[in-house]
Every structure is written in C-alpha cells, then in structure tokens.
Amino acid sequence: MSDQNKNKIETKNKNGLGEKWPEPIVRVQSLAEKNLTTLPDRYIKPPSQRPQTTTINHEPEAAAINIPIIDLDSLFSGNEDDMKRISEACREWGFFQVINHGVKPELMDAARETWKSFFNLPVEAKEVYSNSPRTYEGYGSRLGVEKGAILDWNDYYYLHFLPLSLKDFNKWPSLPSNIREVIDEYGKELVKLGGRLMTILSSNLGLREEQLQEAFGGEDIGACLRVNYYPKCPQPELALGLSPHSDPGGMTILLPDDQVVGLQVRHDDTWITVNPLRHAFIVNIGDQIQILSNSKYKSVEHRVIVNSEKERVSLAFFYNPKSDIPIQPMQQLVTSTMPPSYPPMTFDQYRLFIRTQGPRGKSHVESHLSPR
C-alpha cells in the first residue's frame, strides 16, 4: 500500500468521514465583513430554491400566521385544550413554541449574548476550534462533504453535552470567560425541559409517560448544541442561511433570535416565517420521533432566510436517542392496517446522511420508508 493511500485511510474514522473538508474553508463572517455588493457564486441557490421573501421586520402577531403556542405551566396543570393543541402541533405542524417552560429568561439571554460575543471575537481566536467532518465538533462553516456544493450563508459552533463520555470542555470555547459556565448550566436546563416534553409526547401517543424516553435509551441519551451565526448577506434573495431539511435527531429545542426573524417552516406546501415570542423556545419533532411514532408525529422541513441589514444568532439544542440502539416504530403503534413504516436503524447510522450529503429536505427519512 502506498503512503498516500495509507494516509487517506488513517484520516477516516469507522464511519468513513475524514479529518479534512474537501475544499479550503471560507468563513462566511469574513465574507460579510468585506462589505461585498454581490454574493459569491458558491452561495447562490438555484432559482427553484431561493426564498420568496426577505422581510426582516416582525409582522403584527394578529396578522401573522404562526406555529402553535403551548403554555407548559397550563398543560402540566391538566389543561385539556393545551394537551389537544400540542397533539395537533406534533401531528400537523411538527413545530410549536413553548412558553412558561421553566428555564429562566436571564439564562436564555445570557446564552444568546455569550455566543454573540464569541462570534465577534477575532478570527484567530475562533480558528483554534476549527472542526472537521469526522465529528463536526467545533467551529464550522459547512454541512456535507460534497466537493463543489452550493453552500449556506452561515457559520456555526457544534458541541456535545451528552453522553458525558463525549463532553469535552477542551473542545468548548474558553472565551468569553464565562462561556463554558453558561453553556453548562443552559445544557442541564434544556435536558430537563426535553425530558418533560418527552412525557407529554409519549402520553399523546397513548403510551406510558416514560415509554418514549425509554425508547431513546432512558437517561442514557445524546444531547448536543449547534449555535448558528447568520451574518448580513449582500443579496439575501439569492441565498439561504440553512437549506431545507428535517432534523435527523429526536427533538430540537431552539432558542431563536427574537429580534430578527429567519426560521421558515413548510406547512401545506407554503413557507411560513415563524414569529418568535420573547423568551419562548421553538420545539420541533425530529426524524427519530417520527420513526418511533410510526409517522403519527411529523418531522417537518424547515429552512432559514437571511437579510442584508441584521445578523442573527440562534441556539439549536438536539435531544437525541442513544446513538447505538436500533430505532424503529413502537410496537404499540403498529397494527395490521398501520404496519411499521421504517426498518430498525441506529441514530449513528442515520445521521451519517446529513453529515455527508448536507441538508436535503425530507429525502433521507422518506428513503427509509418500508415497502408496503
């Protein structure tokens, strides 16, 4: 074997993802800071994929279509209307906002502002944490390893929170000085919130409260954080901050930028711009819960638009099943008229798709449908 081939093999892990990106990484933030008047070709989406709107201001709430809003305090107090509303949200929208969720507003603000400070650091301070396609952990600027792919207008930071064996403070930023402490507290609170939401989702499927959590691996779950930074874009009508996709994991708890809209959800073949409520979380069903629910709950395509006037920061917390246990439709949700929609597959196997191909709508989960 030649030294060249040997090196290629050694730079790949068991999943076949290498230590190097297929092309030199360009930080989107560095492009934005050049005050370009035209968008570089690598970020121009084909006409069919371009956003229809570049609106950056909030519409009046009464006039805007919004995803369902769930009051968790009311729900846990036994409010039947809220229970019905969250059930409909999971089955028809795949998204909802939660208020009165128990996470302190001060912690939410601190988490967002601390990450804004990180992305405003000099580039040299951030490059220390530059990531690779092998684990994606660290400071990154692309999803997928296809050479020549049209890229999204964002930079990000990705880190592991659970299992504890993957939680490595050395891979977390050290600046600003309080960032690790804030991330750690924030992550612990969101794991608690994820567990509470899982009991509701389980009950609404007619299962025991703890059954969906057990299918995830009990307390032995995965949890990770992706902080998205969307710089100002010179031609937002030609680009996307994040291409259409459904989340491959279990459930996503998003802390949006409540000053600048950007998230769009596909509903009835229309892209709805979500109007985030202050100090609310946006929750969406991921592919793994769609699979476990035998498609009773829906993971839904979403994307992010950008704008020329304001930057955005959002924090996506992924609450995932244990990575090496087979995920398949729950037996209680399988009947003669509703056979299992999906064959068993571990989350480790499943998430390889987005890590290699990048965001591709709902094509991955749909490609795993069992033949009827």
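Conventions and cut-offs
- Residues numbered from 1 in each chain as written.
- Predicted model: local features only at pLDDT ≥ 70, side-chain atom pairs only at ≥ 80, totals over all residues.
- Heavy atoms only, no water.
- UniProt positions renumbered as here; feature names shortened; annotations may be inferred.
- Helix = DSSP H or I, 4+ residues; strand = E, 2+ residues; numbered from the N terminus.
- Expected span 1.5 Å × (residues − 1).
- Buried < 20%, exposed > 50% of the residue type's maximum accessible area, 1.4 Å probe, protein only.
- Arc of directions from axis to C-beta.
- 1 Å grid on protein atoms, 1.4 Å probe; cavity = no way out; pocket = protein on both sides within 12 Å on 5 of 7 lines; lining within 4 Å.
- Points joined across faces, edges and corners; volume = space filled by probe spheres on them.
- Nonpolar A, V, L, I, M, F, W, Y, C, P; charged D, E, K, R; others polar.
- Pairing = 2+ DSSP bridges.
- Axes fitted to C-alpha atoms, helices over the stretch in contact; angles between N-to-C directions.

If you check an unreviewed UniProt entry, the chain appears there as Oxidoreductase from Arabidopsis lyrata subsp. lyrata. Recorded in UniProt under Sequence similarities (unreviewed entry), the annotation for the chain is "Belongs to the iron/ascorbate-dependent oxidoreductase family." On record in UniProt, under Catalytic activity (unreviewed entry), the comment for the chain is "jasmonate + 2-oxoglutarate + O2 = (1R,2R)-12-hydroxyjasmonate + succinate + CO2".

**Q** Any chance you could explain helix α5 (residues 105–119) here in plain terms?
**A** An α-helical turn contains 3.6 residues, so a residue and the one three or four places further along point in the same direction. In this model, α5 (15 residues) spans 22 Å end to end at C-alpha, consistent with the 21 Å of a helix rising 1.5 Å per residue. Among all positions in α5, only Leu107, Met108, Ala111, Arg112, Thr114, Trp115, Phe118 and Phe119 are buried. Projected onto a plane normal to the axis of α5, the buried residues spread over an arc of 160° and lie on a single side.

**Q** Explain empty space enclosed by the protein to me, please; I cannot follow it from the model alone.
**A** Empty space among the atoms becomes visible once a probe the size of a water molecule is rolled across them. Here the structure, examined in full by the defined rule, presents five cavities of 30 Å³ or more. There is about 500 Å³ of room inside the largest cavity. Surrounding the largest cavity, 30 residues form its lining, Arg226, His245, Asp247, Ala316 and Phe318 being those nearest its centre. Elements that contribute at least two residues to the lining of the largest cavity include exactly β4 (155–162), β5 (222–230), β6 (242–245), β7 (251–255), β10 (281–285), β11 (302–304), β12 (312–320) and α11 (352–357). Here the element with the most residues in the lining of the largest cavity is β12; it accounts for five residues. In terms of residue class, the lining of the largest cavity is built from 17 nonpolar, eight polar and five charged.

**Q** Help me understand the sheet that holds β6, please; the structure alone is not making it clear to me.
**A** Backbone hydrogen bonds hold the strands of a sheet together, and the pairing may be parallel or antiparallel. With respect to topology, four strands assemble into an open sheet ordered β6-β11-β8-β9, the strand pairing being antiparallel. Across the chains shown, the open sheet's two edge strands, defined by having one partner strand only, are β6 and β9 (270–273). Direction aside, the axes of adjacent strands within the sheet are offset by 25° on average. One ladder, built from two bridges, connects β6 with β11; its direction is antiparallel. Bridge pairing links His245 to His302 in β11.

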